[in-house]
4 protein chains.
Amino acid sequence: MKREQVQQLLNGDTAYKTSRLVSVFLIGLITLNVLAVIVESVEGIYSAYKPWFDAFEVFSVAVFSLEYVLRLWACTSLPAYRHPVTGRIRFAFTPLALVDLFAVLPSLLTWGGVDLRALRVVRLARIARIAKLGHYSKALQLMAQVIRRKRHELTISLMLMFVMLILASSLMYVVEHEHQPEAFSSIPATMWWAVATLTTVGYGDVTPVTAVGKVLGALIAIIGIGLFALPAGIVAAGFVEVNENDSSSHPSYCPHCGKVLDEDRIHP
Amino acid sequence: MKREQVQQLLNGDTAYKTSRLVSVFLIGLITLNVLAVIVESVEGIYSAYKPWFDAFEVFSVAVFSLEYVLRLWACTSLPAYRHPVTGRIRFAFTPLALVDLFAVLPSLLTWGGVDLRALRVVRLARIARIAKLGHYSKALQLMAQVIRRKRHELTISLMLMFVMLILASSLMYVVEHEHQPEAFSSIPATMWWAVATLTTVGYGDVTPVTAVGKVLGALIAIIGIGLFALPAGIVAAGFVEVNENDSSSHPSYCPHCGKVLDEDRIHP
Amino acid sequence: MKREQVQQLLNGDTAYKTSRLVSVFLIGLITLNVLAVIVESVEGIYSAYKPWFDAFEVFSVAVFSLEYVLRLWACTSLPAYRHPVTGRIRFAFTPLALVDLFAVLPSLLTWGGVDLRALRVVRLARIARIAKLGHYSKALQLMAQVIRRKRHELTISLMLMFVMLILASSLMYVVEHEHQPEAFSSIPATMWWAVATLTTVGYGDVTPVTAVGKVLGALIAIIGIGLFALPAGIVAAGFVEVNENDSSSHPSYCPHCGKVLDEDRIHP
Amino acid sequence: MKREQVQQLLNGDTAYKTSRLVSVFLIGLITLNVLAVIVESVEGIYSAYKPWFDAFEVFSVAVFSLEYVLRLWACTSLPAYRHPVTGRIRFAFTPLALVDLFAVLPSLLTWGGVDLRALRVVRLARIARIAKLGHYSKALQLMAQVIRRKRHELTISLMLMFVMLILASSLMYVVEHEHQPEAFSSIPATMWWAVATLTTVGYGDVTPVTAVGKVLGALIAIIGIGLFALPAGIVAAGFVEVNENDSSSHPSYCPHCGKVLDEDRIHP
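All values derive from a computational prediction rather than experimental measurement.

**Details of the overall build of chain A**
So, point 1. Across its full length, chain A holds 13 helices and zero strands.
So, point 2. Intrachain contacts of chain A at a sequence separation of at least 6 include 65% that bridge at least 24 residues.
So, point 3. Just so you have it, chain A exposes about 13800 Å², and 68% of that area is on carbon and sulfur atoms.

**Some details on the side chain of C:Thr197**
So, point 1. Assignment of secondary structure puts C:Thr197 in helix H10 (residues 187–198).
So, point 2. Among the residues examined, C:Thr197 registers a relative accessible area of 0% and is labelled buried.
So, point 3. Aside from chain neighbours lying at most four places away, what touches C:Thr197 is B:Val201, B:Tyr203, C:Ala221 and C:Ile225.

**Structural notes on the nonpolar core**
So, point 1. Grouped together as the largest cluster of nonpolar side chains are 229 residues, with contacts concentrated most on A:Phe239, B:Phe239, C:Phe239 and D:Phe239.
So, point 2. In this view, A:Phe239 contacts A:Leu142, A:Met143, A:Val146, B:Glu153, B:Ile156, B:Ser157, B:Leu160, B:Leu230 and B:Ile234; residues no more than four positions away in its chain are not counted.

**Here's the deal with the environment of A:His135**
All names here are of chain A.
So, point 1. By secondary structure assignment, the location of His135 is in the loop between helix H7 (116–125) and helix H8 (138–149).
So, point 2. C-alpha separation for the pair His135 and Ile27, spaced 108 residues apart in sequence, amounts to 9.2 Å.
So, point 3. Once residues lying within four places of it in the same chain are set aside, the contact partners of His135 are Glu67, Arg71, Leu96, Asp100 and Gln141.
So, point 4. A distance of 2.8 Å separates a polar atom in the side chain of His135 from a polar atom in the side chain of Asp100.

**A few points about the environment of C:Gly87**
So, point 1. Its location among the elements puts C:Gly87 in helix H5 (residues 86–92).
So, point 2. In sequence terms C:Gly87 and C:Leu72 are 15 residues apart; their C-alpha atoms lie 9.6 Å from each other.

**Re the packing of aromatic side chains**
What describes a pair of aromatic rings is the distance from one ring centre to the other and the angle between the planes of the rings.
So, point 1. A full pass over the atoms with the stated rule returns 16 aromatic pairs over all chains.
So, point 2. Here the aromatic rings of B:Trp192 and B:Tyr203 are separated by 5.6 Å at their centres, their planes lie at 20°, and the arrangement is stacked. Of the two residues, B:Trp192 is situated in helix H10 (residues 187–198) and B:Tyr203 in the loop between H10 and helix H11 (211–228); the sequence distance between them amounts to eleven residues. Just as B:Trp192 is buried, B:Tyr203 falls in that class too.
So, point 3. With a centroid separation of 5.9 Å and 50° between ring planes, the pair formed by C:Tyr46 and C:Phe53 is classed as tilted.

**Focus on the side chain of A:Arg123**
So, point 1. When you line up the elements, A:Arg123 lands in helix H7.
So, point 2. Setting aside anything within four residues of it in sequence, one finds A:Arg123 in contact with A:Val37, A:Glu40, A:Tyr46, A:Phe53, A:Asp54 and A:Glu57.

**Describing unusual backbone geometry**
So, point 1. With phi around 60°, A:Thr200 is a residue other than glycine that occupies positive phi space.
So, point 2. A relative accessible area of 10% means that A:Thr200 is categorised as buried.

**A look at the pattern of salt bridges**
A side chain with one charge may pair with a side chain of the opposite charge, provided their charged atoms come close.
So, point 1. Tallying each qualifying case throughout the model produces 34 salt bridges over all chains.
So, point 2. One salt-bridge network, held together by shared partners, links A:Glu40, A:Lys50, A:Asp54, A:Glu57, A:Arg123, A:Arg126 and A:Arg129.

**A few points about a nonpolar patch on the surface**
So, point 1. A surface patch of nonpolar side chains, amounting to about 400 Å² of accessible area, comprises A:Val85, A:Ile89, A:Phe93 and A:Leu98.
So, point 2. Along the chain, A:Val85 turns up in the loop between helix H4 (50–74) and helix H5 (86–92).

**Thoughts on the packing of helix H1 (residues 3–10) of chain D against helix H4 (residues 50–74) of chain D**
Residues and elements named next belong to chain D.
So, point 1. The geometry of H1 relative to H4 is characterised by a closest axis approach of 9 Å and an angle of 130° between their N-to-C directions. The orientation of H1 relative to H4 falls into the category oblique. Helix-helix and strand crossings are classified by hand; for H1 and H4 the assignment is left-handed. Where H1 abuts H4, its residues Arg3, Val6, Gln7 and Leu10 lie against Glu67, Leu70, Arg71, Trp73 and Ala74.
So, point 2. In terms of residue class, the contact of H1 with H4 is built from five nonpolar, one polar and three charged.

**Comments concerning helix H1 (residues 3–10) of chain B**
Residue and element names in this part refer to chain B.
So, point 1. Among the residues of H1, Val6, Gln7, Leu9 and Leu10 are the ones counted as buried. Buried residues along H1 cover an arc of 160° about the axis, so they all sit on one side.
So, point 2. Buried-residue contacts for H1 involve helix H2 (17–40) and helix H4 (50–74).

**Some thoughts on the confidence of the model for chain A**
All names here are of chain A.
So, point 1. Across chain A, pLDDT averages 84, with 86% of residues at or above 70.
So, point 2. Summarising per-element confidence for chain A, the mean pLDDT is lowest in helix H13 (residues 263–266) (41) and highest in helix H10 (residues 187–198) (95).
So, point 3. The ipTM assigned to the predicted complex is 0.85, against a pTM of 0.86.

**Quick word on the environment of B:Leu109**
All names here are of chain B.
So, point 1. The residue Leu109 is located in helix H6 (residues 95–112) in this model.
So, point 2. Overall, Leu109 belongs to the exposed group, its relative accessible area being 59%.
So, point 3. Along the backbone, Leu109 and Val122 are 13 residues apart, and their C-alpha atoms lie at a distance of 9.8 Å.

How each quantity is defined
- Residues numbered from 1 in each chain as written.
- Chains lettered and ligands numbered in written order.
- Predicted model: local features only at pLDDT ≥ 70, side-chain atom pairs only at ≥ 80, totals over all residues.
- Heavy atoms only, no water.
- Helix = DSSP H or I, 4+ residues; strand = E, 2+ residues; numbered from the N terminus.
- Contact = heavy atoms within 4.5 Å.
- Areas by Shrake-Rupley, 256 points an atom, 1.4 Å probe, with all protein chains shown as cover.
- Buried < 20%, exposed > 50% of the residue type's maximum accessible area, 1.4 Å probe, protein only.
- Core = buried A, V, L, I, M, F, W, Y, C linked by side-chain atoms within 4.5 Å.
- Polar contact = N/O pair within 3.5 Å; in protein donor to acceptor, adjacent residues only side chain to side chain.
- Phe/Tyr/Trp six-rings, centres within 6.5 Å; stacked < 30°, edge-to-face > 60°.
- Salt bridge = Lys/Arg side-chain N within 4 Å of Asp/Glu carboxyl O.
- Patch = residues over 30% accessible without salt bridge, like charges linked within 9 Å, V, L, I, M, F, W, Y side chains within 5 Å.
- Axes fitted to C-alpha atoms, helices over the stretch in contact; angles between N-to-C directions.
- Parallel < 35°, antiparallel > 145°, perpendicular 65-115°, else oblique.
- Left-handed = near helix turned anticlockwise from the far one by under 90°.
- Nonpolar A, V, L, I, M, F, W, Y, C, P; charged D, E, K, R; others polar.
- Arc of directions from axis to C-beta.
- pLDDT = per-residue confidence, 0-100.

As structure tokens, this is what we get:
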């Protein structure tokens, strides 16, 4: 089998049936891996079905290792990574290739010299395999695109939120520290209250008790929630924009005369 | 009376006064049924007025059964279900026909052979009769239309929310499990905290207590609420779009040939 | 002084300086009345300054009564209420005239035959005088306009919220009633939890404790918050629309050639 | 060195490399100052590293004092503040100059005659130095621009929120005061509950317990959250508008004469 074909197979080239089957198989395996980590965390389940979970893990690591090796071998068929040595090294440092490596490396290393205490952390770290979905998931790619597109607005609003967070925490610390020295023990500790309030989560595990603190808290809540709702609005707007661009990649045609419709005239 | 007339009567054809009266009567009866279930759940009310509630239930089931039989009998007047046997069978499997059947079947079955323990569940299940409003409610139909129109965006954002939920729960489980083995007993259990935080409901029955857990929780809250606000934004945008299309009195014209443009073709 | 002049004075006709002064005076008096009610509610303050509060109340009622009588006397200068008897009666039943009457009637009635127990409620009811601001407040009028404009969408979304609320409460009642018979004692009682969850307020005084209840609660939270955010989105959209219409009542002109600019071309 | 050069150096004129370095140095120093205040608030850290913190404070005050003096000396190179005496006085009362003064004055005054009790407050007040970022931060300037642009809408919605807050607090006070005389001790005290509910923070430290109070609370939550979400929507919309105007590379042209349209004239 040629390199080009392996490359197409692994990247879900929808023109080939086998390629789609490989994608579906790998997506299913990733999903089952994530489910396995979640289910294993429930008390008693892992010890009851240990052989099954371990066999599944060996099988998964084998498949993912093979996938990684094949991707590294076939990447030279891509124009950008043509060189057999430097091309492969550069490919190995692309985000998705690193994800693929990190998805198998901890398990392989542990099997080399099993340290029982690290085992639990390694098993939980397998949840990171969900990032492998980045190969296939249009949703994750869309979100990455939205964040890139709106990085300027997001940076600005994150800075404003940070300033607001610091001011809110400092003021509330000054007001409440004496009356609740435990909950408002320091400015960093007060940030826990500030985040819960500004995001409107409002756990209620820490609340101001003095009159001044309540007036201040009310003002911070009223002023601040608008600021902390900014990223949500920006992401939502970017999401809609990117999606519209996507679906209007080919222009609209008049169904009667077949001419191209000028978008700006139709949707004013 | 002809089949066409029964069909018109039951579907609230606004051109006939009797048809409107039938609609109002059935909507009122559905509403009273829902209210009855709600009121009955209050301690003591059902036992105090048992004969009245039971008589109302018998009357309702009789009316709804008659309605179901008439709909099934008259559906052959619709072009899509013309065949007296196969047409009726296909009609019986439409969502609204199934809702109509499920609205009476449990009560009818219980009366056949009363099992006192199942009775309570059957009485509560009558709340599902609210779905019968789908025959008349423009609001429910509009919402169904919005969800159909935005199913692509909603699917994508639900997937992203799911990935976020899994990552947030796994990380928080790793951090807090040792310090709060009850509240954060497993990843699925930690999801209860994650949902409360990411939706900003924030009950406060479960909160991180370690410093690392609080930093992680704050980051999850700040990053995640934007993601979980996406469906709300998408539904709101779809709601406005659908409503505008509905009320836009003059259609769009092609600037080249001047013919009316079919909305559905233009916005794919 | 003529009726037309009194009419202009009381309605804040901005062409006359005296009229503006009357408006400012009445707005100030209404604000002070509201503040008085708020301050009086604080333990000890009313009894400490009783004579001052009572004198201010007598003064306020006198002014507001005079205002009401003058409005009723002068309304015949308006074309719509020209008839001295039927015009005045119709005017007396306009919303703002009823507000003006209700702002003084309880106090006047109490002074007729003071019933000490009703007194407290009457004093608190003075907070309704805030509605008198409707004569002057552009903000309240704008909000009324937004609600009128979007009444169709708001009605639809309120219906959907109501259906969601009933379904969420019924389901959660079935699941949690047995385990928490106090907090989830009936479907109406469960609605308190449902409203707190669906609005994302999340007090946390009532939360599901069973695994099924938590899964159900999580699903309700994720699905429902989009629905309950609809009115906020609709009001915000209407608010922006009304405000834009307001400020674009006169068309834009090109500063160079002075011709009217076609809005649709400029903002694509 | 000439005044013009000092002026350019301090205002981050990006054409000169030294000027950019000065900006980066001052931004870094401000950030470190804010971090120092936050870290110092943690129990034990200040006493453990007192000499380092104090040295850093002396250094910072020296730099910021020098910056202030230089700005005051060089401001006469700006056309608006050309006069050596009155120009400098007017410059000293600009918001950013006052911020610069307030950033050093308390520390300088304390060193003059150290009062140990005031010292802690003075140290905390240094957090206000974050406002010095206003010289450099595009984010803070953008937010100021958004608030100026939308001040009309923001004022209206703040008024509506205030009316809603007063009505919600008064009604809930009437209903709950007798049953929870501590939590709902007065209308101002009830406002703490009202703000937590209307912003959807929902700490849960104060909640209605009577049936009437819960029905009222539910209605307030459903109606009120739309109102309290208005500023967030307005700020988000303004944020997007300002940013778009900023990045809109080609200006609008009048369709009649073809000249460039001044944005500020078109959208009043």
